Amino acid sequence: MSDDLVARAQAGDQTAFRDLYRQHAGRVYALCLRLTGDGRDAEERTQDVFVRLWDKLSSFRGESAFSSWLHRLAVNVVLNERRTTGRRERRVTPVEDPAALERHQGNPREGLSIDLERAIADLPDGAREVFVLYDIEGYGHGEIAQLVGIAEGTSKAQLFRARRLLREKLER
Amino acid sequence: MNEHELQDAVNRLPKSIEPPRDLWPEIEARIGTRAGSGSWQRRWYWVPLAAAAVLVFLLIARAERSAWDVTALAGRPLIGTKRLAASGRLRVGDWLQTDDSSRALIAVGRIGQVEVRPDSRVQLVVARTTEHRLALARGTIDAKVDAVPRLFFVETPAGTAIDLGCAYTLETDSLGKGLLHVTGGEVEFQTGSRASRVPLGALMQIRPTGPGTPYVDDAPAPFVRAIIAFDFEQRGTRARATRNVLALARAQDAISLWHLLQRVDVPLRGMVYDRLAALVPPPPGVTRRATVALESRALEGYWTKIQRIHFRIMVLRGVREIDPRTGLARE
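Let me begin by describing the structure that accompanies this report. Just so it is clear, the model here is predicted, and its values are computed rather than measured. (Residues numbered from 1 in each chain as written. Chains lettered and ligands numbered in written order. Predicted model: local features only at pLDDT ≥ 70, side-chain atom pairs only at ≥ 80, totals over all residues.)

## Topic: the pairing of strand β13 (residues 178-184) of chain B
Rule in force here: At least two bridges found by DSSP between two strands is the condition for calling them paired. Helix numbers and strand numbers start at the N terminus; a helix is a DSSP run of H or I with at least 4 residues, a strand a run of E with at least 2.
Sheet topology note: the strand β12 (residues 167-172) of chain B/β13(B) ladder contains six bridges and is antiparallel. Opposite B:Thr169, over in β13(B), you have B:His181 as the bridge partner.

## Thoughts on the nonpolar core
Inclusion rule: Any set of buried Ala, Val, Leu, Ile, Met, Phe, Trp, Tyr and Cys residues joined through C-beta atoms within 7 Å is what this text calls a nonpolar core. Partly exposed residues are those whose C-beta has more than 12 but fewer than 20 other C-beta atoms within 10 Å; with 20 or more the residue is buried, with 12 or fewer it is exposed, and the C-beta atoms are placed from the backbone. Throughout, a residue-residue contact means that the two C-beta atoms, derived from backbone geometry, are no farther apart than 7 Å.
The biggest cluster of nonpolar side chains holds 67 residues, and the ones touching the most others in it are B:Ile106, B:Leu180 and B:Val187. Not counting residues within four places of it along the chain, the set of residues in contact with B:Leu180 comprises B:Ala161, B:Tyr168, B:Leu170, B:Val187, B:Phe189, B:Val198, B:Leu203, B:Met204 and B:Ile206. Counting 45 residues, the second-largest nonpolar core is a separate cluster that includes A:Trp54, A:Val75, A:Ile120 and A:Ala162.

## Regarding the packing of helix α6 (residues 254-261) of chain B against helix α7 (residues 266-279) of chain B
Residue and element names in this part refer to chain B. Where we set the bar: Every angle, taken between N-to-C directions, lies between 0 and 180 degrees, and every axis is a line fitted to C-alpha atoms, over only the stretch in contact when it is a helix. For classification, angles of less than 35 degrees are called roughly parallel, those exceeding 145 degrees roughly antiparallel, those between 65 and 115 degrees roughly perpendicular, and all remaining angles oblique. Throughout, a crossing is termed right-handed when the near helix is turned clockwise from the far one, and left-handed when it is turned anticlockwise from it by less than a right angle. In this classification, Asp, Glu, Lys and Arg are treated as charged, Ala, Val, Leu, Ile, Met, Phe, Trp, Tyr, Cys and Pro as nonpolar, and every other residue, Gly included, as polar.
Taken N-terminus to C-terminus, the directions of α6 and α7 make an angle of 160°; their axes are 9 Å apart at the nearest point. In terms of orientation, α6 and α7 fall into the roughly antiparallel class. α7 is crossed by α6, and the crossing has left-handed handedness. On α7, the residues touching Ala254, Leu257, Trp258, Leu260 and Leu261 of α6 are Arg269, Val272, Tyr273, Arg275, Leu276 and Leu279. Broken down by class, the residue content of the contact of α6 with α7 amounts to nine nonpolar, no polar and two charged.

## Topic: the environment of B:Pro284
All names here are of chain B. Inspection of the secondary structure puts Pro284 in the loop between α7 and α8 (288-292). When the 8 C-beta atoms within 10 Å are taken as the criterion, Pro284 is described as exposed. Between the C-alpha atom of Pro284 and that of Gly301, which follows or precedes it by 17 residues, the distance is 8.8 Å.

Okay, here's the thing in C-alpha cells:
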C-alpha cells in the first residue's frame, strides 16, 4: 500500500502524497517534537520535512524501507535547521503546555510518560538530541556523531549527561 | 529512578504523536508553489493535463469559496431577507443578522469558525483562500481560527481586527464602541496607522477613534480605570493619567506599558520606559535611547520578550507559577 503510494507520489500525484503525509505525519511530528523540544518548532519542521520529501522523492530507490528513509530525512532536516539558524529562542508555546503533552493518545501510563516528555523537552539542546536519537530512535553513537557533527566521545558524554539529568528530574 | 526504570519509561513512549492541527494545507500550498521543480513536471505531456485540471479546480474553487456555510445554533437568523432554517450559505456581500434569541455559526472557509451571538449583524466581504474578511456592523462574535497569521480579518466601525492565529471575542456597537478579548494566540487591531497587539488573556477597549491600550484580564480595576482614562479622556488630563497607570502597573502589566510607550507625549516617554524597565528588564541589545526614540528594532525586541513572558504566564496558569519579570518558573 505504502509502496504504491510512494510510486504514485513520485509520479507527481499530490493525492497520493497527501496520503503519505497522513500515514507518516504522527511519526515525523513525534521525532520533530522531541528533537526540538518545542511544539511550534515541531510543526514547522514537520512541514519542512514533507516539503523536502516532495523535492527529494524522486531520489528514493527503494533500497531501504520508505519509513526509514523518511525518518533519516526528517532527522537531517531538523538538525540542518538548527545548524543553519543556531538555537533560536524558545517559542512561546512550549511543550511544558500540559495540553500539548496530553494530546499523546493511547498511552496507558500517561503520568510518567508526560513527565518524561516534559523532562526531555527541558534537556539542554545537545543532550536532548543525542538522547532522542540514541535512546528513543535507536541510532548508534557513530551515526549520531556524523548527523550532529560531533565526536563519538561527545555523543557518549551527552547521553550520559542526558540520562543523569532525566533521572534527577523524574525523582523530584 | 535507576537506569533500567528510565529505559523502561523511554520504551513506553509513543512512537507517533499526531500534530495538534492539520499541517497539510500549508504543506500543500508550499509544494504547490514548487511543483515546477519536481522531476515529474519535466514530462511535457503533463502540461496540458495539469492546465486543464487547474482550470477545473479554479472554477470549482471559485464557486465553492465565494460562499461560506452557516448553521443556525438557536432561533432563525436572517441571511439577507430570508430566514435560515437549519443551515445555509453566506455569499460574498450577504448580511447575516441575528435577533435577541438567535445565534449562528459561520464556517470561515476551511480555516476556522465564527459564532455570531444574538443582536448582531455580519457581512461576508471577501472569501478567498488568501483573504477571509467579515464586517461586524454591530453585536458580538466569537472567532476561532487555525491558520497562518493575517488570513482572517474582521472590520468594525472603529477599525479592523487582524487574526495572528487565535481565538477571540469581539463586540462593537454601530458607532464603533466595543471590546476585544483574546483567548488564544494574538490579534492585532488597526485603525489607520494606530495599532494594538492583544495577546491571549488580554482585553482591549475600542472606541470610534480607534483601539485603546490592551490590559491583562486579571488586571486590578484601578489600573483598568487608569488605562481607560489615559486612552479616552480629555487630552489635557493625559499626563496625570499616565502617572496613575505607571504607579499602579505591575510586571504582569508590561504589555500595557509597551503600548503606552508609543502613545504618551514625547516628554513622558523616558518615564514610561524607566517604569517598564524596572518591572521587566529589557532584553540584551535593547537600549533606553533606542526605545525612547521608538526605533522599531528596539520596540520589537522588547515586545518579543514581554510577549514570551506573558504567554508563559497564561499557558502555564494554574500549573506553574511564572516570575513575571523573567518568565522563568518559580521553584
